[in-house]
Protein chains: 4
Amino acid sequence: MLSFESDYIQGAHPEILNKLVKTNLEPLTGYGFDKYCESAKAKIKAECGREDAEIFLLSGGTQTNQLVIDTMLAPYEGVICADSGHVFSHEAGAIEFTGHKVITLKNEYGKINAEQIKNYMSVFNADENHEHTVFPGMVYISHPTEYGTLYSLEELNALSNVCKDYGLKLYLDGARLGYGLMSCGTDVTLKDIADICDAFYIGGTKVGALCGEAVVFTHNNAPRHFFTQIKQHGALLAKGRLLGVQFDTLFTDGLYYRISKHAIDMADMMRHAFIEKGYEFFIETVTNQIFVTLTDDKYSKLKEKVAVGFWEKLSDSKTVVRFASSWATTKEDVDALINIL
Amino acid sequence: MLSFESDYIQGAHPEILNKLVKTNLEPLTGYGFDKYCESAKAKIKAECGREDAEIFLLSGGTQTNQLVIDTMLAPYEGVICADSGHVFSHEAGAIEFTGHKVITLKNEYGKINAEQIKNYMSVFNADENHEHTVFPGMVYISHPTEYGTLYSLEELNALSNVCKDYGLKLYLDGARLGYGLMSCGTDVTLKDIADICDAFYIGGTKVGALCGEAVVFTHNNAPRHFFTQIKQHGALLAKGRLLGVQFDTLFTDGLYYRISKHAIDMADMMRHAFIEKGYEFFIETVTNQIFVTLTDDKYSKLKEKVAVGFWEKLSDSKTVVRFASSWATTKEDVDALINIL
Amino acid sequence: MLSFESDYIQGAHPEILNKLVKTNLEPLTGYGFDKYCESAKAKIKAECGREDAEIFLLSGGTQTNQLVIDTMLAPYEGVICADSGHVFSHEAGAIEFTGHKVITLKNEYGKINAEQIKNYMSVFNADENHEHTVFPGMVYISHPTEYGTLYSLEELNALSNVCKDYGLKLYLDGARLGYGLMSCGTDVTLKDIADICDAFYIGGTKVGALCGEAVVFTHNNAPRHFFTQIKQHGALLAKGRLLGVQFDTLFTDGLYYRISKHAIDMADMMRHAFIEKGYEFFIETVTNQIFVTLTDDKYSKLKEKVAVGFWEKLSDSKTVVRFASSWATTKEDVDALINIL
Amino acid sequence: MLSFESDYIQGAHPEILNKLVKTNLEPLTGYGFDKYCESAKAKIKAECGREDAEIFLLSGGTQTNQLVIDTMLAPYEGVICADSGHVFSHEAGAIEFTGHKVITLKNEYGKINAEQIKNYMSVFNADENHEHTVFPGMVYISHPTEYGTLYSLEELNALSNVCKDYGLKLYLDGARLGYGLMSCGTDVTLKDIADICDAFYIGGTKVGALCGEAVVFTHNNAPRHFFTQIKQHGALLAKGRLLGVQFDTLFTDGLYYRISKHAIDMADMMRHAFIEKGYEFFIETVTNQIFVTLTDDKYSKLKEKVAVGFWEKLSDSKTVVRFASSWATTKEDVDALINIL
């Protein structure tokens, strides 16, 4: 059956698998100290354009968010995010599990803005009882957001400035970063992100890897003994090569960008078809996720032929569903979908 | 260079990689609900010989220990283990991170016995102030142990009985379980373990997989909403297929046992060579790990040609090192080692 | 200077202090096993009218909320409360510190209603991905609320019913419970609360005690080994008598109710004076807290002569302040205040 | 019945109660910002002889240990203590509850020494895998120890030096500090302790207060936002005056020392009587606790007339019990005990 359920329904991009096969018998030291991890980190560092960046490879997105937020915050601090933020809504309380409050601001199409942060911090500082409350210590944003939208460079700079004004760290969840970087609707580069954020991660799982996210602490600001804290959180892989080989491949010959560009192209094809056929968009996006509002009748029929992602029940008779493209989406898949629509 | 540093210096057994390649393009649902995960679980269940077993696939050993111990214990309970136990000594405090004390008993060659547990519980119960202390809730053992030793069936049954007497759960860390099962020095089968323990895990990372451990709750006793708790601990992989395909392959045509048997055969060859050449064993083992005491002089020379695992500094002039075999160890490797010894 | 800053600006009601003095030299066993703790618990149980109630004495409100919520919830559960709820806004993240998310619903004058809970749970259950989110396990309400308002018996019953429908525990924070019970604007008794809630606490600190809150688990449902969990949370007093003597006194000859009634009478006097003098109420209350909106000019002048509680900055030129009465508020104090207004 | 069960069987020293009564009606601001808290802190600071000391008042010993250890340690650090240490054995896992491992060294009569720490740290540093283990971050000692013994000034200085060498904080649990300071068997003063330790607490609960411990961070090293962290741990009292008045009184006219001296004198009387009557000491102490080994027969008879503290079951026929004196122990009590012995 045709599937646009998500961008992680297939395994890994063939180049990655090939490299895993090719390097399989090499004896390598464990826990991320092998040459492929080293090479991957060096390449990512170069792409970020920062000599002072420190990179760590982890397995999944929730794990990464939990670790980065927990280790960058002081114990009495919480993290500010959009009320649509993944860490608030879809990580089963993984942040609170480590003792930190998630403080929400109302999202607009998945985004929050500098003005909101400024207002929140002004009220916080003006509150004579604020020592009885959680201290905001970080702003979490996702780019692309959970709704597939993107921040502009101006918006990111504004967020960064307000964070600096109030002593907040800025952390960007890049689970689908590639699709953001290769969207035609963006003016933000990887180097910009490395300059603007205190930490961010480059998502692998949803951009062609079997698993893996590359955390970047941008200016020699990795939390102390981060390696030990990875282990303490249960997140250290013995065969670190699994992550090293994958990211080394993703950042060789621009594979990460090529994968992302392909997915964007496929999504654009789908987007045009939806417009032509008069479908209603739940939200307008410029990345690899398309959110469409369907009548339940239509949804039922569609489900017989195409797997899509359930997003939310909008009303008694309408449902929002998500179509996602990836490296593995073919033009034939998209044509087949268009025929069904 | 020749390496016997550990049983995780190579990637995955080729059959596993082949299967990953072969199934790579199939669109599968995420988070462990795909057919390979289902198939892997069904096969493991059959091997355990228990209809009421529940199986979950996780990424690594420390992660597994943390999750199982944290979710099976009540919040006021701690886990009893040998003072050589991995959860006590080499997991960076991952158990305490989730709020639980690790209570140690003196190990004998990596093992603890029923009598020790009985004594501990007798003292605990006789202590009029024991409500001011941590309640023991579980016994953790590793099999093979951190020293490569094994429990006999009689010993496991005795542990199980004392656990039942005192209301303790029995949990077995099987990071290297295959090597234990295939050792000629054992009378314990996988079915025995499934009958005797409340929970255990079948190690994949150190027995041929790229990553992955299969947790078995043996009698419909998986902690409530364990799936959500996996996510909450940051341990859920989006592409659950990575674990499903690996364990499905490991438990097809007895690959898990074949890998283990091969490693045992290679270790036996090495063991005989050490004996013949008059090496001093730090401890006698019957599994795939061999611990040898070397003079520092000898250690220095050896290190030039062979990578081995540092175990501990025994005295000013002696060091204990570990030689480990795996599926990837060849007869040629062992012969080459013997020539160097 | 005149002070209406809060209901905890003085020490303890004289009858309590007298009893502490009178019993001071009696040798008593520690940790809450003394006869005064026993007597206090028996009297509270009788007032609740439930043979199956279990009572524990703790030191403060945040401590009590943290302990009750943490020990009654499963690890993967969160607590639902009003976005004005004390546990959400003014406990420095004490709930998240123990690993649980606080899930907020929009308050109306400090209250939430059964319909809101029903809607939240319907959406939760309809969400196909809800296993990736925090499971709601409890509803927290405060009575009186943080705004001094009260639930009606009908509202409490409706909350209880919806909680039962969805398997949620109902917990009531009674930091100022006495003032709620003695307000002329209520139809809710202590027995009603004991019948309706799964757990609640009777506030002592803000109703005449030096410190202390009495937790009531209403139907043999105290969390297992709650005593040990009190200790584990750092909340156990060696001299349990301090709490026992205070609550024993508060529940002898209706002192708790007398204190509360007096404070209500004083608040009513103040309320009438505010009305007569044309002050603007921020919210209408029927308990011992009165919230008044002042121009900043007025606020500045008032502060010179009367200590009041800062509540919030309403706009650039207006501030909400709180006037609170207590057992120690005298008619003379109120008359003096009225002269100043 | 005569009772030597513990040093917390009576309420508060009368001077403390008097002061609570006398100040009861004064309106004071909450949460420890009142003048009595200020005064108490100033007096303690003066007694410590350090301008850079920062003092906080908390309710109980376990609470204090939990807060100080959790907030002074980095998240990946553990605390080293004697295997007889209160935080290891009798606090229901309160330290692990906050995520930190308690690392034990074998005690000698309740004490550990500099050499043991040095050895532990040498092994830790020499371990090539120590990044997989918990980093020691603090040494916890109790003075007097749980066995009533004391460190000499030389021993404390040696501990301090080794802590500095290895970057460990030194924290002293002074639950019974007064008895240590006033023992004739000591050469250690409060000023010494303030100079030597990074943090310590002056116990109130067991030295004449109803409740309360005064934490001293000795050199402007209080953890950031410690006030908020007190609240976050559920340990903040609304009526901070309860602690302020008590410690202000304890440190007025040397009451703390007088109480302690009296208890020591009473203990010395008892000690001599035990010697004269040929009783067997379990351990030799110089403070207010006396540990005696009794046959079970003797224990049974004694219990009919005197309440004592159960310490441990030594063998099938012998039990160790504790006799403790306090401010409330009278010469008549001791004479009565001697007649019974």
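Predicted model only: the values in this text are computed from it and were never measured.

Asks: Please set out the overall build of chain A residue by residue, giving values where relevant.
Replies: Per the secondary structure count, chain A includes 14 helices and 13 strands. In terms of overall dimensions, chain A is globule-like: its C-alpha atoms have a radius of gyration of 20 Å, near the 20 Å expected for 341 residues. Counting only C-alpha atoms, chain A reaches 55 × 55 × 35 Å along its principal axes. Within chain A, the fraction of its 341 residues that count as buried is 65%. The contacts in chain A between residues at least 6 apart in sequence include a share of 72% that link residues at least 24 apart. Here chain A has roughly 11,800 Å² of accessible surface; of this, 50% comes from carbon and sulfur atoms. Charge-centre separation for chain A: the mean point of 32 positive side chains lies 6 Å from the mean point of 45 negative side chains.

Asks: Can you lay out the sheet that holds strand β3 (residues 77-82) of chain D for me, pointing to particular residues and giving the numbers?
Replies: Hydrogen bonds along the backbone pair up the strands of a sheet, which may run parallel or antiparallel. Residues and elements named next belong to chain D. With mixed pairing, the 7 strands of this open sheet are ordered in space as β2-β8-β7-β6-β5-β3-β4. Across the chains shown, the open sheet's two edge strands, defined by having one partner strand only, are β2 (54-58) and β4 (102-105). In this sheet, neighbouring strand axes are inclined to one another by 25° on average, regardless of whether the strands run parallel or antiparallel. Across 5 bridges, β2 lies against strand β8 (residues 213-217) in antiparallel orientation. Directly across from F56, in β8, lies its bridge partner V215.

Asks: Please provide a residue-by-residue account of the sheet that holds strand β10 (residues 289-295) of chain A, values included.
Replies: Residues and elements named next belong to chain A. What the 4 strands build is an open sheet, ordered β9-β10-β13-β12; its pairing is antiparallel. If you trace the sheet from one side to the other, it starts and ends with β9 (280-283) and β12 (309-313), each paired once. Strand-to-strand twist across the sheet, computed as the mean angle between neighbouring axes with direction ignored, equals 40°. Bridge count for β9 against β10 is 3 bridges, and the pairing is antiparallel. In the strand pairing of β10, E280 is matched with T293. Contacts from helix α13 (residues 296-305) reach β10, β12 and β13 (318-324), with the element oriented near 120° to β10.

Asks: Could you give an account of the domain arrangement of chain A, naming the residues involved and the relevant values?
Replies: All names here are of chain A. Segmentation of chain A into domains returns domain 1 (2-7 + 256-340) and domain 2 (14-250). Look at where the C-alpha atoms of domain 1 and domain 2 centre, and you get two points 27 Å apart. In this complex, domain 1 contributes 24 residues to the contact, which on the side of domain 2 involves 29 residues. Summed over both sides, the interface between domain 1 and domain 2 buries roughly 2,100 Å², with carbon and sulfur atoms accounting for 62% of that surface. Considering only the surface of domain 1 that becomes buried against domain 2, D7, Y256 and Y257 emerge as the three largest contributors, covering 33% of it. Remark: the boundary between domain 1 and domain 2 carries 2 salt bridges. Those elements that place two or more of their residues in the side of domain 1 that touches domain 2 are α12 (255-276), β9, β10 and β12.

Asks: Which residues make up the pattern of salt bridges, and what values do they have?
Replies: Residues and elements named next belong to chain A. Inspection of every chain in the model, using the stated rule, returns 56 salt bridges over all chains. The partner of K301 in a salt bridge is D297, and the shortest N-O contact between them spans 3.6 Å. Pair noted here: K301 and D297 are both in helix α13, with a separation of 4 residues, about one helical turn. Like D297, K301 is exposed.

Asks: Describe in detail the interface of chain C and chain D, supporting the description with residues and values.
Replies: Taken residue by residue, the interface counts 48 residues in chain C and 48 residues in chain D. Interface of chain C and chain D: buried area, both sides summed, is about 3,900 Å²; carbon and sulfur atoms make up 61% of it. Between chain C and chain D we count 24 residue pairs in polar contact (both at pLDDT 80 or more) in total. Among the elements that take part in the side of chain C that touches chain D, helix α3 (residues 61-72) of chain C stands out by supplying 4 residues, more than any other. Considered class by class, the residues forming the side of chain C that touches chain D number 21 nonpolar, 20 polar and 7 charged.

Asks: Run through the interface of chain A and chain B, naming residues and quoting values.
Replies: The partner chain B presents 48 residues to the 48 residues of chain A that form the contact. Buried surface at the junction of chain A and chain B, both sides included, amounts to about 3,900 Å², of which 61% is carbon and sulfur. In this structure, the connection of chain A to chain B is made through 23 residue pairs in polar contact (both at pLDDT 80 or more). When residues of the side of chain A that touches chain B are traced back to their parent elements, those giving at least two are α1 (14-22), α3 (61-72), α5 (94-97), α10 (226-232) and α11 (241-250) of chain A. For the side of chain A that touches chain B, the residue count by class is 21 nonpolar, 20 polar and 7 charged.

Asks: So, the relation of the copies chain A and chain B: which residues are in play, and what are the values?
Replies: After a rotation of 180° and a shift along the axis of 0.0 Å, chain A superposes on chain B with an RMSD of 0.0 Å. Taken together, the rotation angle and the small translation identify this as a two-fold axis. Interface overlap between copies is the fraction of interface residues in one copy that are interface residues in the other; for chain A against chain B it reaches 100%, indicating a shared surface.

Asks: Which residues make up the nonpolar core, and what are the values?
Replies: Of all hydrophobic cores here, the largest spans 136 residues; its most connected members are I117, F200 and I202 of chain A together with I117, F200 and I202 of chain B. Ignoring any residue separated from it by four or fewer positions in sequence, one finds F200 of chain A in contact with C48, Y171, L172, L177, L190, I193, A194, A214, V215, V216 and T218 of chain A. Counting 135 residues, the second-largest nonpolar core is a separate cluster that includes L20, Y151, L159 and F247 of chain C.

Asks: An account of the state of the cysteines is needed here, citing residue identities and associated values.
Replies: Here the structure, examined in full by the defined rule, presents 0 disulfides over all chains. In this structure C211 of chain A is not part of a disulfide, and its nearest cysteine sulfur, from C211 of chain B, lies 5.7 Å away. Exposure remark for C211 of chain A: the relative accessible area of 2% places this residue in the buried category. Lacking any disulfide linkage, C81 of chain B is separated from the closest cysteine sulfur, that of C163 of chain B, by 13 Å.

Asks: I'd like a description of the pairing of strand β7 (residues 199-203) of chain D, backed by residues and values.
Replies: All names here are of chain D. The buried fraction of β7 amounts to 5 of the 5 residues, a majority that puts the element mostly inside the structure. Where strand β6 (residues 169-174) lies against β7, 4 bridges are found, and the strand directions are parallel. Paired with D173 across the two strands is Y201, which belongs to β7. Relative to β8, β7 is paired through 5 bridges, and the arrangement is antiparallel. If you follow A199 over to β8, its bridge partner there is F217.

Reading the values: the criteria
Residues numbered from 1 in each chain as written. Chains lettered and ligands numbered in written order. Predicted model: local features only at pLDDT ≥ 70, side-chain atom pairs only at ≥ 80, totals over all residues. Heavy atoms only, no water. Helix = DSSP H or I, 4+ residues; strand = E, 2+ residues; numbered from the N terminus. Rg over C-alpha atoms; globule rule 2.2 N^0.38 Å. Buried < 20%, exposed > 50% of the residue type's maximum accessible area, 1.4 Å probe, protein only. Contact = heavy atoms within 4.5 Å. Areas by Shrake-Rupley, 256 points an atom, 1.4 Å probe, with all protein chains shown as cover. Lys, Arg positive; Asp, Glu negative; His and termini not counted. Charge placed at Lys NZ, Arg CZ, Asp CG, Glu CD. Pairing = 2+ DSSP bridges. Axes fitted to C-alpha atoms, helices over the stretch in contact; angles between N-to-C directions. Domains from an automatic or database assignment. Buried area = accessible area lost by both parts, 1.4 Å probe. Salt bridge = Lys/Arg side-chain N within 4 Å of Asp/Glu carboxyl O. Polar contact = N/O pair within 3.5 Å; in protein donor to acceptor, adjacent residues only side chain to side chain. Nonpolar A, V, L, I, M, F, W, Y, C, P; charged D, E, K, R; others polar. Least-squares fit on C-alpha atoms with pLDDT ≥ 70 in both. Core = buried A, V, L, I, M, F, W, Y, C linked by side-chain atoms within 4.5 Å. Disulfide = S-S within 2.5 Å.

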